[in-house]
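What follows is the residue order along each chain.
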Amino acid sequence: MVITKIESSAPGRVCLFGEHQDYLNLPVIPCAINLRVSISGETAEKSEVKLNLPDINDSESFILTDKLHYNRERDYYKSVINVLLKKGFTFSGGITAEVRGEIPINSGTSSSSALIVAWINFLTQTSDQSVTLKPEEVAELAFQAEVAEFNEPGGKMDHFSCAVGGLFFLDFQPEIKVKKYKGGLKTFVLGDSGEPKDTKGILSRVKNGVLSIVESLKSFEPGFEIRKCESDDLEKYRGILNQEQIELLKATVNNYKITLEADKLLSEENVDDKKIGDLLNKHHSILRDELKISTQKIDRMINAALEAGAYGAKINGSGGGGCMFAYAPENPKDVAEAIIKEGGRAFIVEPDSGVK
C-alpha cells in the first residue's frame, strides 16, 4: 500500500450581512477569515481512523465500516465518512491524523463547519478515488454531514464560506449562486465574548417563527414571498399575525433589504468603507432589538469597538453568545484593546482563501 500524506485546511468566517437569512433561502454576504482548522496526516494499512486532538487534550479512534454508528451528539468525524460512503467513496485503508484549530469554538465563527470542510477535503484525496472536489461540491457535502445528517436547523452559508473563501454574495434561489466581489474589505477585529452560544435554541426560535409566519401568510395570500415584501406592507397582516410575529417578519424583511444594499456597495469599484460600517451597525441594531440574539456583554464590546474608531460592528453567528466583529481598516490595534478591556478575546483578522 502506498502511503499518502496530506495537509488540509479551511477558514472560519464572519457573516457581514444576512444573519438568520440563509436557512430562509435569502441571500447572505459572508467573508472567510485567516483563522483556520488544519488536518495533517497520512493513510494507514489498518482500516482504522486515529485522530490526535491536542487543542482539546483528546483523541479519537474508530474502525472503518460500511456504516458508522454515532456515539455522541454531532459526531462529525463519522458523519463525514458516512456521507462520503453514500456518495460512492471507498477507503481500503485507514488514516492517522492530527487536528489543530485557530478558530474560537462554539462562538459563531464556523469552527465546526471549517473542521468538516477540511475533513472532507482530506478524506476525498486520501480515498481510493483520490479526487480533489470543487469548493462548491465540498460545501454541499459539508451541509449534508453537519446539518442534514443530524436534522439540525442551520443553512448552507457556513459551508460555502469555509469551502469557497473570500468575500462573496451567496444566493439560494432559483439555485445556489456565488458572486465574488472584485474589490474587497480590509481588516476586521473578531471579539470572542467567552459566552457559550445556544445555537440550536435560537435557530429553532427564529427559523421556526419565520417559517410559521410564511406558512400562515401563504394561506392568506398565495404566492407570498419575503423577497417581495416591503416593511410598509406589514400592517395589512395584523389580522393574521400577532405583534411578536409582525416584529419578527419586519426584522427579516429589513435584514434582507440591508443585504441587497450592501451588495450594491460591495459591487462598486471603490468600496466606501464608512458606508459599509454604517450598514453593519444598522444590521446589528435589528439583530439586537428585534431578533433579540445579542447579549449585554457583546453589546458592550461592540460599543467599545465603535468608540475606539471601528467603522461598524455586529454580533456574528446565530447569537446568544459567541463572537462579535468590528470593521476596523484603520486602527485595528486600538479596537482590539478596547474589546479586551470589556473582557473579550480579540483577534485581528483579514479575509482569506477557502479550503486548500
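Presented here is a report on the structure given in the accompanying data block. Along each chain, residue indices are assigned from 1 in the same order as the chain's sequence is written. Only residues with pLDDT of at least 70 get local features here, since the model is predicted, and only at 80 or more are side-chain atom pairs given and counted; chain-wide, interface and lining totals rely on the full set of residues. Water and hydrogen atoms were dropped before computing side-chain values, which therefore reflect all heavy atoms in the structure.

### Observations concerning helix H9 (residues 332-341)
Those residues of H9 that sit buried are Pro332, Val335, Ala336, Ala338 and Ile339. Burial along H9 is one-sided: seen end-on, the buried residues are contained in an arc of 160°. In H9, those exposed residues whose orientation departs by more than 90 degrees from the buried face are Lys333 and Lys341. In the core, the buried residues of H9 are packed alongside strand S8 (188-192), helix H8 (296-307), strand S10 (323-327) and strand S11 (345-349). Strands here mean DSSP runs of E at least two residues long; helices mean DSSP runs of H or I at least four residues long; both are numbered from the N terminus. Once H9 ends, the next one or two residues include Gly343, with phi positive near 95°. Only protein chains enter the accessibility calculation, which uses a 1.4 Å probe. A residue is then buried if its area is under 20% of the maximum for its type, exposed if over 50%, and partly exposed in between. This arc describes the spread of directions from the helix axis toward the C-beta atoms. Here, two residues are considered to be in contact whenever any of their heavy atoms come within 4.5 Å of each other.

### Topic: the layout of surface pockets
Size it by volume and the largest pocket reaches roughly 1200 Å³. Of the residues forming the lining of the largest pocket, the biggest block, four residues, is contributed by helix H2 (residues 111-126). Looking at the lining of the largest pocket residue by residue, the classes come out as 15 nonpolar, 17 polar and 18 charged. Grid points spaced at 1 Å over the protein atoms alone were grouped into cavities, where a 1.4 Å probe fits but cannot get out, and pockets, open sets with protein on both sides within 12 Å along at least five of seven lines, with lining residues defined by an atom within 4 Å of a point. Grid points are joined across faces, edges and corners, and a volume is the space filled by probe spheres set on the points. When residue character is reported, Ala, Val, Leu, Ile, Met, Phe, Trp, Tyr, Cys and Pro are called nonpolar, Asp, Glu, Lys and Arg charged, and the others, Gly included, polar.

### A look at the sheet that holds strand S4 (residues 58-63)
By the convention used here, strands pair only if DSSP detects at least 2 bridges between them. With respect to topology, five strands assemble into an open sheet ordered S1-S2-S5-S3-S4, the strand pairing being mixed. The strands lining the two open edges of the sheet, one partner per strand, are strand S1 (5-17) and S4. The average undirected angle you get between the axes of adjacent strands in this sheet is 20°. The pairing of S1 with strand S2 (residues 29-44) spans 12 bridges and is classified as antiparallel. Bridging from a neighbouring strand, Glu7 pairs with Ser40 of S2. The axes are straight lines fitted to the C-alpha atoms, using for helices just the contacting stretch, and the angles between their N-to-C directions are given from 0 to 180°. Of the strands in this sheet, S1 and S2 touch helix H4 (residues 157-164), which is tilted by about 125° from S1. Contacts from helix H6 (residues 243-266) reach S1 and S2 within the one sheet, and its direction differs from that of S2 by about 85°.

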